Amino acid sequence: MRIGIDLGGTKTEVIALSEEGQELFRKRVATPHNDYPRTLQAIADLIADAEQATGRRGSVGLGIPGTLSPFSGKVKNANSVWLNGQKLDEDLALLLGREVRIANDANCLAVSEATDGAGAGKKTVFAVIIGTGCGSGIALDGVAHAGGNGNAGEWGHNPLPWPDEDEIRFQHEVPCYCGKIGCVETFVSGTGFMEDYFRLSGQRLKGAEIIRLVAQDDAIAELALGRYERRLAKALANVVNILDPDVIVLGGGMSNVDRLYQTLPLLIKQWVFGGECETPIRQAVHGDSSGVRGAAWLWPQGRFSL
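Procedures and definitions
- Residues numbered from 1 in each chain as written.
- Predicted model: local features only at pLDDT ≥ 70, side-chain atom pairs only at ≥ 80, totals over all residues.
- Heavy atoms only, no water.
- Core = buried A, V, L, I, M, F, W, Y, C linked by side-chain atoms within 4.5 Å.
- Buried < 20%, exposed > 50% of the residue type's maximum accessible area, 1.4 Å probe, protein only.
- Helix = DSSP H or I, 4+ residues; strand = E, 2+ residues; numbered from the N terminus.
- Contact = heavy atoms within 4.5 Å.
- Axes fitted to C-alpha atoms, helices over the stretch in contact; angles between N-to-C directions.
- Parallel < 35°, antiparallel > 145°, perpendicular 65-115°, else oblique.
- Left-handed = near helix turned anticlockwise from the far one by under 90°.
- Nonpolar A, V, L, I, M, F, W, Y, C, P; charged D, E, K, R; others polar.
- Phe/Tyr/Trp six-rings, centres within 6.5 Å; stacked < 30°, edge-to-face > 60°.
- Lys NZ or Arg CZ within 6 Å of the ring centre and 35° of its normal.
- Pairing = 2+ DSSP bridges.
- Polar contact = N/O pair within 3.5 Å; in protein donor to acceptor, adjacent residues only side chain to side chain.
- Salt bridge = Lys/Arg side-chain N within 4 Å of Asp/Glu carboxyl O.
- pLDDT = per-residue confidence, 0-100.

Below, the discussion takes up the nonpolar core. In terms of nonpolar packing, the biggest core is built from 39 residues, with Trp155, Val188, Tyr228, Leu232, Leu236 and Leu250 touching the most fellow members. The element best represented in this core is helix α8 (residues 219–242), accounting for 11 residues. Among residues more than four places away in sequence, those in contact with Trp155 are Phe126, Val128, Cys134, Gly135, Ser136, Val184, Val188, Leu232, Ala235, Leu236 and Val239. In this structure, Leu7, Val14, Leu68 and Ala78 belong to the second largest nonpolar core, which totals 27 residues.

Another aspect to go through is the packing of helix α1 (residues 36–54) against helix α2 (residues 88–96). It is the contact of α1 with α2, at a shortest axis distance of 10 Å, that shows an interaxial angle of 50°. Viewed along their axes, α1 and α2 adopt a mutual orientation that is oblique. For the pair α1 and α2, the crossing hand works out as right-handed. Here Tyr36, Leu40, Gln41, Ile43, Ala44 and Ile47 of α1 lie close against α2, whose contacting residues are Leu88, Asp91, Leu92, Leu95 and Leu96. Residue composition of the contact of α1 with α2, grouped by class: 9 nonpolar, 1 polar and 1 charged.

Let us look at the packing of aromatic side chains. Summed over the entire model, instances satisfying the criterion amount to 3 aromatic pairs. Where Phe193 meets Tyr228, the ring centres are 5.4 Å apart and the plane angle is 65°; that geometry is what we call edge-to-face. Remark: Tyr228 occurs in helix α8 and Phe193 occurs in helix α6 (residues 190–201); sequence separation between them is 35 residues. For Phe193, a relative accessible area of 1% puts it in the buried group. Above the ring of Phe198, the side-chain terminus of Arg204 is found at 3.7 Å from the ring centroid. When the ring centre of Phe170 is taken as reference, the NZ or CZ atom of Arg231 above it lies at 5.5 Å.

So, about the sheet that holds strand β11 (residues 247–251). Read from one edge to the other, the open sheet built from 5 strands follows the order β10-β9-β8-β11-β12, with strand pairing classed as mixed. A single partner strand is all that each edge strand has here, and the edge strands are β10 (143–144) and β12 (281–283). Relative to the sheet, helix α3 (residues 105–116) contacts β8 (124–130), β9 (134–140), β10 and β11, its axis offset from that of β9 by approximately 45°. Packing of α8 onto the sheet brings it into contact with β8 and β11, and relative to β8 it is tilted by some 150°.

A separate point is the environment of Thr115. Considering the arrangement of structural elements, one finds Thr115 in helix α3. The exposure class assigned to Thr115 is partly exposed, which follows from its relative accessible area of 30%. Separated by 27 residues in sequence, Thr115 and Gly142 have C-alpha atoms that sit 5.8 Å apart. Those residues in contact with Thr115, other than ones at most four positions away along the chain, are Ala120 and Trp297. In this structure the side chain of Thr115 is engaged in a polar contact, spanning 2.7 Å, whose partner is the backbone oxygen of Val111.

Taken as a whole and judged by the stated rule, the model has 24 salt bridges. The partner of Asp166 in a salt bridge is Arg227, and the shortest N-O contact between them spans 2.6 Å. Remark: Arg227 occurs in helix α8 and Asp166 occurs in helix α4 (residues 165–173); sequence separation between them is 61 residues. No difference in accessibility class separates Asp166 from Arg227, as the two residues are buried.

Looking now at the confidence of the model for the protein chain. When pLDDT drops low, the exact placement of atoms in the prediction is not to be read closely. Across the protein chain, pLDDT averages 93, with 98% of residues at or above 70. Segment residues 302–306 is flagged for pLDDT under 50; beyond a separation of four residues in sequence, or across chains, it makes 14 contacts in the model.

Before going further, it helps to spend a moment on unusual backbone geometry. Located in the positive-phi region is Asn34, a residue other than glycine, with phi close to 55°. Among the structural elements, Asn34 can be located in the loop between β3 (23–30) and α1. The phi torsion at Asp244 lies on the positive side, around 50°, for a residue other than glycine. In this structure, Asp244 sits in the loop between α8 and β11.

Here's what the structure looks like:
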């Protein structure tokens, strides 16, 4: 049995999968905020619950909103800041009595979709989370690729390419939390979409409300979505020019906007070098479950360490 944990800023979820990928158990609890020891214990308790409910012992994979430094072995870049500077894999291994594999939550999305989702059978899967924030992950032959510095997939913290005059104004008005300006995350996250609508209309609405206005032929909502699509296409074209993945998979709240799968494949060609791009852009098959499923799949078939 494989056990996956998705450690988020507000909730922590566990899933147990059979060897064939069948869901055996799932449970979600609130994440202990700003309390590292209680976070460790919450994870251990969820694993105990999964094993008690199934009567099986499992391998453990953990997805986190950050990454493990390959140099210090400590968590870095986590927006759940109480994890930063901690040797999370070692502390959990000591608590659980077995090895724990850890990957960035977007990399877990990529692994899940590469294993039995929208990227199944593809060698190089680039998976994007476009929700409250923005992140991405890379799976190569179904295995998470973190890179030599642990920073592979930090697409959201690169500058939006080929900015127009309004985007240059936007990047100064809406700086990124990382301390820099012009980050892709500020433009193509759901938060960025809502912020741009506010700049256009003076009204603060949720993303779903703006999309409903688009369906009602609201001119300002349509303008905001058109600008969003153009920005996302530019940011993804940059990825194609560097990585040229076999498939791009979208997850997170904005991935539920059906129109993106018609508009992005056409728009992206404008910025891909040479003008040719037939890279499929697909919605994550497993939706919100992809992260926790991908954490479980950090242990490939037949390679358990119990």
